[in-house]
Amino acid sequence: MHQTKGPQKSFVIFLAFGLLFLMMFNALLPRLSAAQEVPYSEFLRMVKDGEVVEVQQNVDGNEISFLTKDENGKVGYYSAGVLTETDLSSLLQQYQTKSGEPIIFGRELPTENNPLTSFLFSWLLPSLMLFGFGFLLMRMMQKKMGGNALSFGKSNAKVYVQAQTGKTFADVAGQDEAKEALAEIVDFLHSPDKYRSVGATMPKGALLVGPPGTGKTLLAKAVAGEAGVPFFSIAGSEFVEMFVGMGAARVRDLFKQASEKAPCIVFIDEIDTIGKSRDGVGGMGGGNDEREQSLNQLLTEMDGFDGSKGVIILAATNRPETLDKALLRPGRFDRRIPVELPDLQGREAILKVHSKKIMLDENVDLTAIARATSGTSGAELANIVNEAALRAVKCNRRIVNQTDLEEAVEVIIAGYQRKGKVISPKEKRIVAYHEIGHALVAAMQTDSAPVTKITIIPRTSGALGYTMQVPETDTNLLSKEEALNKIATYTGGRAAEELVFGTFTSGASNDIEQATRLARSMVTRLGMSSEFDMMALETVTNQYLGGDASLTCSADTAARIDAEVLSIIKQAHEKAYNILKENEDKLHILATFLLERETITGDEFMQLLHQKNEPQQ
Ligand code: ADP
Ligand code: MG
Ligand code: ZN
């Protein structure tokens, strides 16, 4: 048990200090209580002067201790010998204190002479105080260590109630299908009888699947907010403990708590951390006992509890394919709710939701921003709005305008502008031609998306310039021609360099990657090659996280795939080169203009392109 080491060590230190404290206390005690011994006559004088306020006589009657108080309020503590037969009680009654009160007299047991009281005061009381203090200290330490120091195996599930999640479906923009599916669950939690009377049972669990940042966690919170029931949330990683068995204990504890609070929602975020397939496919292979035990416990619990009670389990993941099949079996997470990247309308809606918090200029066009952000997630859009607000603040404005938003899009997509970066004029020229190459190839191909912005301002991401291409509308289907045009556009940068400078630079590395990826998927997955027809040659394993593909064909076929991919790219490259060659005059004009301005908009680009056309006709 390694984890106890910390607390144990501090406990030893604590004991050592405690002992020291007790010894010091006992050394001090007699001194503190030591009374100054005075003759009996002196006592009598003080009584007569009204200085004595309290007198105590010991059981033997041969000694007294007394408290005095002078005019200034100074307190004294004395003792004196006394004859046993003296009637102190009646003697003291004849006198008063200075303030005119009777002198208190008692026959108390002097501290030093009684073993019990002496033990009480010198050892027990300080010890109690010490332990009380120590206990508080330990509690504080525990809190700092995440409540883990002494209480093992307790779940870290936090109980959220309606007021605390504070989210409703109104906070989630777009995602209408997901909301609809979840609304059913909310309805069930509101009125379970409606479902019971028909004999329908709700699914025990629903799995939210989608890329990161699309609002899965947000949706789960919104469900709790809408349903107004307790919301237990725990991340899958919290189940994976340092010690084997702890994760399973956590799962058990979580479900115990949940069934006590039913109806309620249990939300397991990033469930793939424990739900990984046990056979190692898609996972890391090899055994992870702890994870496996947690998963087994989860499966058992999900089977064990009565769904009609109203405990609904929501889970989120962006790696559904790695999940254990047993989890997806009916009766467990049989409902699968896709939470996809937002489309054009979805993006606009998300931008609207998030820009409610800021003050927008009245002629801000959120649709244009939504168009320019194809492929971004809700989280990135939220980030863009925030970035725009930050930029407005930087410019000492309270209102966010279109330029702020546009710049924010670039920041999120391409990184911040790199202010200090020095680029030689020669390099700048190359970059300008490269970017115009992309834009021109894109614009000259009818099916290719028009360009909205070209810039040669370097970015922190390392890009020396870029061309922002924006599809007018969200298209879900990619035609073969569109795919080929896209590849040609990717090669346009390099083609321009070749055409103008007769040589080329490393500037096309990213283009090469993207062109290859697209060409490859055309051959292996989209059935867009002549040779392989509709044969699937690759399977995608990480659909939501970039999409790693793994080949499912023989080595011989793999070689042919490579050849086919190469031929597609070569053709596209040639096509791009030819387009640029045909329009070389425009290429020079546009590149010169870009060099001068550093950033040009799509409209300016188009204008220049057509301006040149007219005199020719
Ligand atoms: P996930 O769990 O899918 O990775 P989150 O739910 O954590 O993503 O989303 C992160 C943030 O992104 C949210 O807090 C929210 O600000 C924003 N966001 C994502 N999707 C949406 C959406 N559909 N509507 C509004 N905001 C969203
Ligand atoms: Mg999440
Ligand atoms: Zn490029």
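Look up a bit, the structure's there.
What you see is a predicted model; the values in this text were computed from it and never measured.

Thresholds, definitions, all that
- Residues numbered from 1 in each chain as written.
- Chains lettered and ligands numbered in written order.
- Predicted model: local features only at pLDDT ≥ 70, side-chain atom pairs only at ≥ 80, totals over all residues.
- Heavy atoms only, no water.
- Helix = DSSP H or I, 4+ residues; strand = E, 2+ residues; numbered from the N terminus.
- Buried < 20%, exposed > 50% of the residue type's maximum accessible area, 1.4 Å probe, protein only.
- Contact = heavy atoms within 4.5 Å.
- Areas by Shrake-Rupley, 256 points an atom, 1.4 Å probe, with all protein chains shown as cover.
- Donors = N, O, S within 2.8 Å, 3.2 Å for Na, K, Ca; no water.
- Tetrahedral: all angles 85-135°; square planar, octahedral: opposite > 155°, others 65-115°.
- Pairing = 2+ DSSP bridges.
- Near = heavy atom within 4 Å.
- Polar contact = N/O pair within 3.5 Å; in protein donor to acceptor, adjacent residues only side chain to side chain.
- Expected span 1.5 Å × (residues − 1).
- Phe/Tyr/Trp six-rings, centres within 6.5 Å; stacked < 30°, edge-to-face > 60°.
- Patch = residues over 30% accessible without salt bridge, like charges linked within 9 Å, V, L, I, M, F, W, Y side chains within 5 Å.
- Salt bridge = Lys/Arg side-chain N within 4 Å of Asp/Glu carboxyl O.
- Lys, Arg positive; Asp, Glu negative; His and termini not counted.
- Charge placed at Lys NZ, Arg CZ, Asp CG, Glu CD.
- Core = buried A, V, L, I, M, F, W, Y, C linked by side-chain atoms within 4.5 Å.
- Axes fitted to C-alpha atoms, helices over the stretch in contact; angles between N-to-C directions.
- Parallel < 35°, antiparallel > 145°, perpendicular 65-115°, else oblique.

Colleague: Can you walk me through the overall build of the protein chain in this structure?
Modeller: For the protein chain, the count of helices and strands is 22 helices and 16 strands. Within the protein chain, the proportion of its 617 residues that are buried is 42%. For the protein chain, restricting intrachain contacts to residue pairs at least 6 apart in sequence, the fraction spanning at least 24 positions comes to 73%. For the protein chain, the accessible surface area stands at approximately 33,000 Å², while carbon and sulfur atoms represent 55% of it.

Colleague: What is the right way to read the coordination of the zinc ion (ligand 3) from this model?
Modeller: Angles between donor atoms at a metal ideally measure 109.5 degrees for a four-coordinate tetrahedral arrangement and either 90 or 180 degrees for a six-coordinate octahedral one. For the zinc ion (ligand 3), the full set of protein donor atoms is His434 (NE2), His438 (NE2), Asp511 (OD) and Asp511 (OD), and the range of their distances to it is 2.0 to 2.8 Å. For the zinc ion (ligand 3), the 4 donor atoms in the first shell make angles of 52 to 147° at the metal, a pattern classed as irregular. One chain supplies every donor to the zinc ion (ligand 3), and in sequence these donors are spaced H-x3-H-x72-D. Taken together, the residues span about one helical turn, with His434 and His438 both in helix α17 (residues 425-444) at a distance of 4 residues.

Colleague: Looking at this structure, I do not really get the sheet that holds strand β5 (residues 104-106). What am I missing?
Modeller: Each strand in a sheet pairs with another by means of backbone hydrogen bonds, the pair being arranged parallel or else antiparallel. If you trace the 5 strands from one edge of the open sheet to the other, you get β1-β4-β3-β2-β5, paired in mixed fashion. Edge positions in the open sheet fall to β1 (36-37) and β5, since each of these has one partner strand only. Across 3 bridges, strand β2 (residues 52-57) lies against β5 in parallel orientation. Looking across to β5, one finds that Gln56 is bridged to Gly106.

Colleague: What's the story with the site of ligand 1 in this structure? I'm lost.
Modeller: Of all residues adjacent to ligand 1, which total 16 residues, the nearest are Ala173, Gly213, Lys216, Thr217 and His354. A distance of 2.8 Å separates an oxygen atom of ligand 1 from a polar atom in the side chain of Lys216. Within the backbone of Ala379, one N or O atom sits 3.4 Å away from an oxygen atom of ligand 1.

Colleague: Help me understand unusual backbone geometry, please; the structure alone is not making it clear to me.
Modeller: Glycine aside, residues mostly have negative phi angles, and peptide bonds mostly take the trans form. One non-glycine residue, Gln175, adopts positive backbone phi at about 50°. Within the secondary structure, Gln175 is located in the loop between α5 (162-165) and α6 (176-190). Take Gln175: its relative accessible area is 12%, and that puts it in the buried class. Phi at Glu270 is positive, roughly 50°, even though this residue is not glycine. Following the sequence through the fold, Glu270 ends up in the loop between β9 (264-269) and α10 (272-275).

Colleague: Before we go on, may I ask you to explain helix α8 (residues 216-227) in this structure?
Modeller: In an α-helix, one full turn covers 3.6 residues, which means residues spaced three or four apart are oriented alike. Its 12 residues give α8 an end-to-end C-alpha distance of 17 Å, which sits within 8% of 16 Å, the value for a rise of 1.5 Å per residue. Of the residues making up α8, those classed as buried are Lys216, Leu219, Ala220, Ala222, Val223, Ala224, Gly225 and Ala227. In the stretch just after α8, Gly228 is the one whose phi turns positive, near 65°.

Colleague: I tried to follow the packing of aromatic side chains on my own but got confused; where do I start?
Modeller: Note on aromatic pairs: each is described by the distance of the centres and the angle between the planes. Across all of its chains, the model carries 6 aromatic pairs by this definition. Their ring planes at 40° and their centres at 5.7 Å tell us that Tyr40 and Phe43 sit as a pair that is tilted. Placement of the pair is Tyr40 and Phe43 together in helix α2 (residues 40-48), with a separation of 3 residues, close to one helical turn. Accessibility expressed as a relative area gives 25% for Tyr40, which makes it partly exposed.

Colleague: Quick question: what am I supposed to make of a negative patch on the surface here?
Modeller: There is a patch of like negative charges on the surface, built from Asp176, Glu177, Glu180 and Asp343. Within the fold, Asp176 resides in helix α6.

Colleague: Sorry if this is basic, but what is going on with the environment of Ala515 here?
Modeller: Note that Ala515 resides in helix α19 (residues 509-524). For Ala515, a relative accessible area of 3% corresponds to the buried category. In the structure, Ala515 is positioned 50 residues away from Val565 in sequence and 9.7 Å away in space, judged by C-alpha atoms. Excluding its chain neighbours within four sequence positions, the residues that come into contact with Ala515 are Ile487, Tyr490 and Ile569.

Colleague: Is there a simple way to think about the nonpolar core in this case?
Modeller: The tendency in soluble globular proteins is for nonpolar side chains to be buried side by side. In this structure, Ile436, Ile454, Ile487, Leu580, Leu587 and Phe605 are the most contacted members of the largest nonpolar core, which totals 42 residues. In contact with Ile487, not counting residues within four places along its chain, are Ala515, Leu518, Ala519, Met522, Ile568, Ile569 and Ala572. In this structure, Leu182, Val186, Ala222 and Val229 belong to the second largest nonpolar core, which totals 27 residues.

Colleague: Please clarify how the packing of α17 against helix α20 (residues 555-582) should be interpreted in this entry.
Modeller: Helix-helix packing: each pair is described by the crossing angle between the helix axes and the interaxial distance. Between α17 and α20, the least distance of the axes is 10 Å, while the angle of their chain directions is 90°. Considering the angle they form, α17 stands roughly perpendicular to α20. Residues Gly437, Leu440, Val441 and Met444 of α17 lie in contact with α20, whose contacting residues are Ala576, Ile579 and Leu580.

Colleague: In this structure, what is going on with the environment of Leu580? I would like to understand it.
Modeller: Within the secondary structure, Leu580 is located in helix α20. Taking relative accessible area as the criterion, Leu580 reaches 0% and is therefore assigned buried. C-alpha separation for the pair Leu580 and Val441, spaced 139 residues apart in sequence, amounts to 6.8 Å. Setting aside its immediate chain neighbours within four residues, Leu580 contacts Gly437, Leu440, Val441, Gly492, Ala495, Ala496, Leu499 and Leu587.

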